[in-house]
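# Summary of the model geometry
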Amino acid sequence: MPQQRKPSSPLKDALRIFARNKPALVAFFMLALLAASAATGAVWTGKRADAAERVRMEEAKLVGDNYKTEAVEGAVLDPVSPELKDTFLPPLSNSNAHPDEKFYWLGTDHLGRDVLARLWAGSTISLIIGFLAVGISIVLGISLGGIAGYFGRSRVGLIVLATLLLLLVWGILLAAGLPLPAWICFGLGMALLMAQLGISAVGARWKSVAFFVVVVALFASFSLYNHHVETATPEGQVYAEAARTHRKSYDELLAIRDYGREVKGWEESAPDNLKNLNAGKDMPEWLYAGQLRVEIGTRQLDLQVARLDGAKYDAGNQQNLRLARDQQDRAEHLEGFIDAYADRNKEAAENEQEAMAERDRLFKEDRRDEGRAMAERASEFAIRKNTFDPEALKARIAKTRAIGQANEAYYRKVIDAAADPLQTRAEAIENADKALQKILESGATNDESLRARQFEVEDILRTWAQASAEFDLADANLRIQALNASIEDRKADAAEGDAGLAELNKQLAAAKGAKTKAEKAVADAKESLEGLKKAKEESDADVAGKLLAPWSVQGSSGLVDRRGKLRKAYVIRYETAMRYGLTALHVAEELNGSYRYSFYRFSSHFLTTTMLYLLLVVAALTIMAASQAVVTDKLKGLRLAYLPTISVDDLVMRFTEIMLTVPVIFLILAILAIFEKDVYITMGVIGLTSWMGTTRFVRAEILSLREQDFVQSAQALGLSDFRIIWRHLVPNAISPVLVSATLGVAGAVLAESTLSFLGIGAKADQTTWGLILSEGREYIFDAPWLTWIPGIAILITVLSFNLLGEGLREAFNPKLRGR
Amino acid sequence: MLTYIVRRLFQMALTLFIVSVISFLIVALAPGDPLASQLDPKKKDADLERRRDEIGYDDPVVKKYLDFYGKFFQDLGAVIYADDGYAWKLNSETAKEPVLPTMWRKAGVTLPLVLVTTLVVWCLSFPVGIYSALRRNTFKDRAITVISYTLIAFPGFWIALLIIGFITKTLGIPIVSPETIGVELEGPREFFDRTWHVAIPAIVASLTGVAVLTRYVKGQMLEVMDQDYIRTAKAKGLDADTVYYKHALRPASLPFVTMLAGLLPSLFGGSVVFEAIYAWPGLGRWFLEAVFTRDIYIVMTNLFVGSALTLIGILISDLMLSVVDPRVRLS
């Protein structure tokens, strides 16, 4: 009787086969080593902290300030700091700068940085990149392939397809700059989605409904939080105001540009027109109206920016006031640490004494090297002693408090002083804006019609002139007050020196000049307004006609020039505004010592946004699937809306084919050209362009598994789809995925190093192997180790992953089991 | 057959349209001003503004899209009809040259390199793969396997660098760029110079391809040789050569007809990495430079032509498969 085989589990079989495969085992141990190096690389490599830095770190921990430094406390090797005495040292050589301490196992590069350290640090980044990129591609591949394989045969209902298409078109139209049709599409798509939500609720698919509601609530709460930050904090308000101003001025600029185009066309169609125009005749009505809009639009733009300036000024002062108060709080906080400082100081002083004594003893015994080392220890204790000096802390506290108080007083003064001028200024802006609006509404289409309304228009123009002059005056006053305050401040602080004071005095003189000018302008404006009133009373048309200011009309070449200037001005203003908003947020972050504002405007927080939108898409898809199931089961009356169209399989696989059509290297390069150089973006792009293969074979795998008896019987038993997928399909399909993932990591490591080599992968301060190789490329003849070492590292890593993948494939191959 | 081709062409047009939209959105919605990278202090704002108007910088994306593809197809028509006095519509922003003729010229530079590479890959990997499959588990098979594994794991750019270093320094033969610059050569010397300059980069570039394809050929061959009909053929006493080369090789090489699909776009696109290292002024390097200078027209044209060639390649390989393999039916 043949010997009965022991029943063995598939896992044990796989392990046994794997253990027999020697190359795979070696690869596995190499990779374990690499993983260890990657894990330790983040902790043990970095800019080395010197004694002073270490003490400073300890102090920061003690008093709780967020001291930021590149240095790593327990760094074993330093891949960052250049050492110019040690450039191009071959492997296995001693350091010139520190002959006793440093030994370069793998040599140094053109900046004298340790290659071993760089390799170590690079192993962390390279491995993280490899795994994350494959993670992205595997997750996408499995979910799309799984959907196509498992649900492939079901056909998408008409209403579902319509919803999907509408929402897709919404995105494209919005991106294409066609907001109106885009939002119509969005509205229709949302209506259809809501209808499907209703159907799911009627069909009692509570799980799907609850999921959708939770995700939408999450989304809404983030939006509400943003709204709260925008309205409730001064920083947020400034930011929002900047964004609004930007939008408005952008629209205005677009309108102006369109007029410019029209003028150009008009000019090209009949060249004589320009001559006539420059002679001031035969101006077509629409052109006149257009020019008027351009004139007024540019002035309105100025007003917008002035409004923003006011808000900025105010918010900046408030923020400085808060900073001053925080400084005082900080002084109070530091007072609690005087005793702790005293303890540490005493301890350090004693240690220093001891070390000095020891040093003297060693020198006397002529043990010079040991004596020198002891002297160094003593100096480290001296640094400690000086840092933790209670007297110095007291002085610091006093100074912090004094500065805080002085600043608080100063900014209070400034805020008080600025209140009235700001008010005046705001009123002047509003008046000017109203006046401009009125001219625009007056409907003047040519000089004639403008003249016909001459009193009216002239009244507006002069009111506007007066308002803007008042605005200038208010501005000058404000500036003078602020400058006076700062000059007083400077005078009080004698150490500041005369240069700053002289500069301030110069500014003051300029501001005073501006004030005189503005005063005169206001007086003139008032006078001219009164003159007009008088002329109106006397109804003396001639006088008014003489008073009428010529409304300058520009030819189209002038207009093009003007547009060029406008764009530049616009860009500068926009950037300033945005930068100010962001700076304010950044300051707020530092101020709170936390990242409370990280979620602020989550549209600018990439990861959160991506996750939320993905969740939203998944939730919407769940609702659609649930409603379709409800209709097929129960509400047969709605069948027409769910008329089967394209199959899920077709939908997914066509998309995959489209992605396969674009040449990957071109696509990666084009995408990377858009973003700033960053190795993590490179990683994302590699992941997002490499999922198609996984999708295809996961689909094939699931398709063949679906037909197997055990899945069929599970379905016949009435198990839920979720359970079938999770308990029966995933365990059976996971091994080929694992194999392809392992091979994928090798590919991703290689791809990342190639891109870094081409100069588009990693930033200069992100040490990756490809970057080290690329830097060493120029010294290929003089310092060959700079290319050999990272090259061999990449080679070994990729080879190990490939061998491991092959080993796994063999181990999981059912044909080899039980042998 | 004809209806099949017509239907496939229609599908291709649809796919190409979607690809064009996606790739255009990626490139056209990139933030930043393409003119900002070439700020000329002599240029006034008004000049820049005029230039922006000319390239339609402020236009809505839909208009930009139609504009670009309108120009592209007009130029394509001129290329096809060899229209001599034609004023090219699509001009690159940085080099101020017409895009399509430049592309044609650059493809001419790339072609010899890629052609030789492909020839080396296909001519080397088939015999080696078959040999390795027929002598399974011998020492030579193991050696081939080890070498191909190592070659796959080699970073191509690194080995290219090492070989440049070795050949230019040790052997003293210049191999960077398509021909030796600054030296006038004639007759056979010119021929050998050109040969060196093509052969070495091509061989280096083919290493990874040879390794991958060898393993694939071997796998295919082994799979076919496990089939029952091969055993039957052996059992009925056919000589080994007939079994292997007539009964095994033909079905084993069928999948490679599908791989021909990738040949067309690769002949066109070449290798960005190797052209960058060996200073070949071909398509790959042209594209890389266009990416750095944000020259949208060049990037878009390359993406579109590359995708179109991929689709055409797939179609041709499907048709060829139906001719070679009688079991495949077009439907």
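Here the structure is a predicted model, which is why all the values come from computation and not from measurement.

Rules used throughout
- Residues numbered from 1 in each chain as written.
- Chains lettered and ligands numbered in written order.
- Predicted model: local features only at pLDDT ≥ 70, side-chain atom pairs only at ≥ 80, totals over all residues.
- Heavy atoms only, no water.
- Helix = DSSP H or I, 4+ residues; strand = E, 2+ residues; numbered from the N terminus.
- Buried < 20%, exposed > 50% of the residue type's maximum accessible area, 1.4 Å probe, protein only.
- Contact = heavy atoms within 4.5 Å.
- Areas by Shrake-Rupley, 256 points an atom, 1.4 Å probe, with all protein chains shown as cover.
- Salt bridge = Lys/Arg side-chain N within 4 Å of Asp/Glu carboxyl O.
- Patch = residues over 30% accessible without salt bridge, like charges linked within 9 Å, V, L, I, M, F, W, Y side chains within 5 Å.
- Phe/Tyr/Trp six-rings, centres within 6.5 Å; stacked < 30°, edge-to-face > 60°.
- Lys NZ or Arg CZ within 6 Å of the ring centre and 35° of its normal.
- Lys, Arg positive; Asp, Glu negative; His and termini not counted.
- Charge placed at Lys NZ, Arg CZ, Asp CG, Glu CD.
- Core = buried A, V, L, I, M, F, W, Y, C linked by side-chain atoms within 4.5 Å.
- Axes fitted to C-alpha atoms, helices over the stretch in contact; angles between N-to-C directions.
- Parallel < 35°, antiparallel > 145°, perpendicular 65-115°, else oblique.
- Left-handed = near helix turned anticlockwise from the far one by under 90°.
- Nonpolar A, V, L, I, M, F, W, Y, C, P; charged D, E, K, R; others polar.
- Expected span 1.5 Å × (residues − 1).
- Polar contact = N/O pair within 3.5 Å; in protein donor to acceptor, adjacent residues only side chain to side chain.
- pLDDT = per-residue confidence, 0-100.

## Comments concerning the overall build of chain B
Across its full length, chain B carries 13 helices and zero strands. Counting from the amino terminus, chain B carries its helices and strands in the arrangement α-α-α-α-α-α-α-α-α-α-α-α-α. Looking at the 331 residues of chain B, the share that counts as buried comes to 45%. When contacts within chain B are restricted to residue pairs at least 6 apart in sequence, long-range pairs at least 24 apart make up 71% of them. Just so you have it, chain B exposes about 17,100 Å², and 66% of that area is on carbon and sulfur atoms.

## Quick notes on the overall build of chain A
Assigned secondary structure in chain A consists of 27 helices and six strands. Residue burial in chain A is summarised as follows: out of 819 residues, 42% are buried. At a minimum sequence separation of 6, the contacts of chain A that also span at least 24 residues come to 77%. Taken as a whole, chain A presents about 43,800 Å² of accessible surface, with 60% of it coming from carbon and sulfur.

## Considerations on the pattern of salt bridges
All names here are of chain A. Under the defined criterion, the tally for this structure stands at 34 salt bridges over all chains. Here R699 ties to D649 by a salt bridge, and the two come within 2.6 Å at their closest N and O atoms. Here R699 is found in helix α23 (residues 692-706), whereas its partner D649 is found in helix α20 (residues 648-661), with 50 residues between them in sequence. Judged by its relative accessible area of 21%, R699 is partly exposed. Between E806 and R809 there is a salt bridge, with the nearest N and O atoms lying 3.5 Å from each other. Placement of the pair is E806 and R809 together in helix α27 (residues 785-812), with a separation of three residues, close to one helical turn. For E806, a relative accessible area of 16% translates into the label buried. Shared partners join several salt bridges into a network, and the residues in it are E358, R361, E365, R367 and E370.

## Considering a nonpolar patch on the surface
Residues and elements named next belong to chain A. A grouping of V26, M30, L33, W788, I792 and I796 is seen on the molecular surface, where their side chains present a nonpolar patch of about 540 Å² in accessible area. When residues of the nonpolar patch are traced back to their parent elements, those giving at least two are α2 (22-44) and α27. Within the secondary structure layout, I796 lies in helix α27.

## Looking at the packing of aromatic side chains
Taken as a whole and judged by the stated rule, the model has 34 aromatic pairs over all chains. Following the ring pairs from residue to residue traces out a cluster consisting of F17, F24, Y65, F68, Y69, F72, F73, Y297 and F304 of chain B. A cation over a ring is seen here: R344 of chain A above F388 of chain A, with NZ or CZ 5.4 Å from the ring centre. Sitting above the plane of the Y150 of chain A ring, R706 of chain A keeps its charged end 5.0 Å from the centroid.

## So, the side chain of Q220 of chain B
Residues and elements named next belong to chain B. Tracing the sequence through the fold places Q220 in helix α7 (residues 187-225). A residue is classified by how much of its surface remains accessible, and Q220, at 15% relative accessible area, is buried. Not counting chain neighbours up to four residues away, the residues in contact with Q220 comprise A252, P255 and F256.

## Regarding a negative patch on the surface
A contiguous patch of negative charge on the surface is contributed by D339, D343, E347, E350 and E354 of chain A. On the secondary structure map, E350 of chain A appears in helix α11 (residues 338-364).

## Here we look at the nonpolar core
Among the nonpolar cores identified, the biggest contains 159 residues, and L669 of chain A together with F24, Y69, F157, I277, Y278 and V299 of chain B are the most heavily contacted of them. Counting residues per element, this core draws most heavily on helix α25 (residues 721-758) of chain A, at 14 residues. When near neighbours in sequence (up to four residues on either side) are disregarded, F157 of chain B contacts S753, T754, F757, L773 and I794 of chain A together with V273 and I277 of chain B.

## Some words on the environment of Y216 of chain B
Residue and element names in this part refer to chain B. Tracing the backbone through its elements, the reader meets Y216 in helix α7. Taking the relative accessible area as the measure of exposure, Y216 reaches 39% and is therefore partly exposed. On a C-alpha basis, the gap between Y216 and I167 in space is 31 Å, while along the polypeptide they are 49 residues apart.

## What to know about the environment of Y313 of chain A
Position of Y313 of chain A among the secondary structure elements: in helix α10 (residues 285-335). Sequence-wise, Y313 of chain A and L422 of chain A are 109 residues apart; in three dimensions their C-alpha atoms are separated by 9.2 Å.

## With respect to the packing of α27 of chain A against helix α5 (residues 139-153) of chain B
Two packed helices can be described by the angle between their axes and the distance between those axes. Two numbers describe how α27 of chain A lies on α5 of chain B: the axes approach to 8 Å, and their chain directions differ by 125°. Relative to α5 of chain B, the element α27 of chain A lies oblique. Between α27 of chain A and α5 of chain B lies a crossing whose hand is right-handed. Residues L795, V798, L799, N802, L803 and E806 of chain A of α27 of chain A pack against Y149, T150, I152 and A153 of chain B of α5 of chain B. Counted by class, the contact of α27 of chain A with α5 of chain B contains seven nonpolar, two polar and one charged residues.

## Here we look at helix α4 (residues 115-150) of chain A
The end-to-end C-alpha distance of α4 of chain A, which contains 36 residues, comes to 50 Å, matching closely the 52 Å that a straight helix rising 1.5 Å per residue would cover. Regarding α4 of chain A, its N-cap is D114 of chain A, as a side-chain oxygen of that residue lies 3.1 Å from the backbone nitrogen of L116 of chain A further along.

## Some details on helix α22 (residues 679-688) of chain A
Residues and elements named next belong to chain A. With respect to burial, α22 is a largely interior element, seven of its 10 residues being buried. Those residues of α22 that sit buried are V679, T682, M683, G684, V685, I686 and G687. Packed against the buried residues of α22 are α4, α21 (664-674) and α25.

## A short note on unusual backbone geometry
Residues and elements named next belong to chain A. Even without glycine at this site, F88 takes up a positive phi of about 55°. Mapped onto the fold, F88 is located in the loop between β2 (71-72) and β3 (93-94). Residue F88 is classed as partly exposed on the basis of its relative accessible area, which comes to 31%.

## Regarding the confidence of the model for chain A
Residue and element names in this part refer to chain A. When pLDDT is averaged along chain A, the result is 77; 76% of the residues meet or exceed 70. The lowest-confidence element of chain A is helix α18 (residues 556-592), averaging 46 in pLDDT; the highest-confidence one is helix α6 (residues 179-202), averaging 91. Confidence drops under pLDDT 50 across residues 547-564; counting only partners more than four residues distant or on other chains, this segment forms 49 contacts.

## What to know about the confidence of the model for chain B
When pLDDT is averaged along chain B, the result is 82, and 88% of the positions lie at 70 or above. Of the two predicted TM-score estimates for the complex, the pTM is 0.76 and the ipTM is 0.87.

## Remarks on the packing of α11 of chain A against helix α12 (residues 368-387) of chain A
All names here are of chain A. At a closest axis distance of 8 Å, the pairing of α11 and α12 adopts a crossing angle of 165°. The pairing of α11 with α12 is recorded here as roughly antiparallel in orientation. When the axes of α11 and α12 are compared, the crossing they make is left-handed. Of the residues in the contact of α11 with α12, the class split is 12 nonpolar, four polar and nine charged.

## Focus on the side chain of E352 of chain A
Residues and elements named next belong to chain A. Inspection of the secondary structure puts E352 in helix α11. Here the side chain of E352 touches K385 through a polar contact of 2.9 Å, side chain to side chain. If we ignore the near neighbours within four places in the chain, the residues touching E352 are A378, F381, A382 and K385.

## A closer look at the environment of L77 of chain A
Residue and element names in this part refer to chain A. Position of L77 relative to the elements: it lies in the loop between β2 and β3. Judged by its relative accessible area of 16%, L77 falls in the buried class. Between the alpha carbons of L77 and A117 there is a distance of 5.3 Å; along the sequence they are 40 residues apart. With residues up to four places along the chain from it excluded, the contact list for L77 reads W44, T45, G46, R48, D114, L116, A117 and W120.

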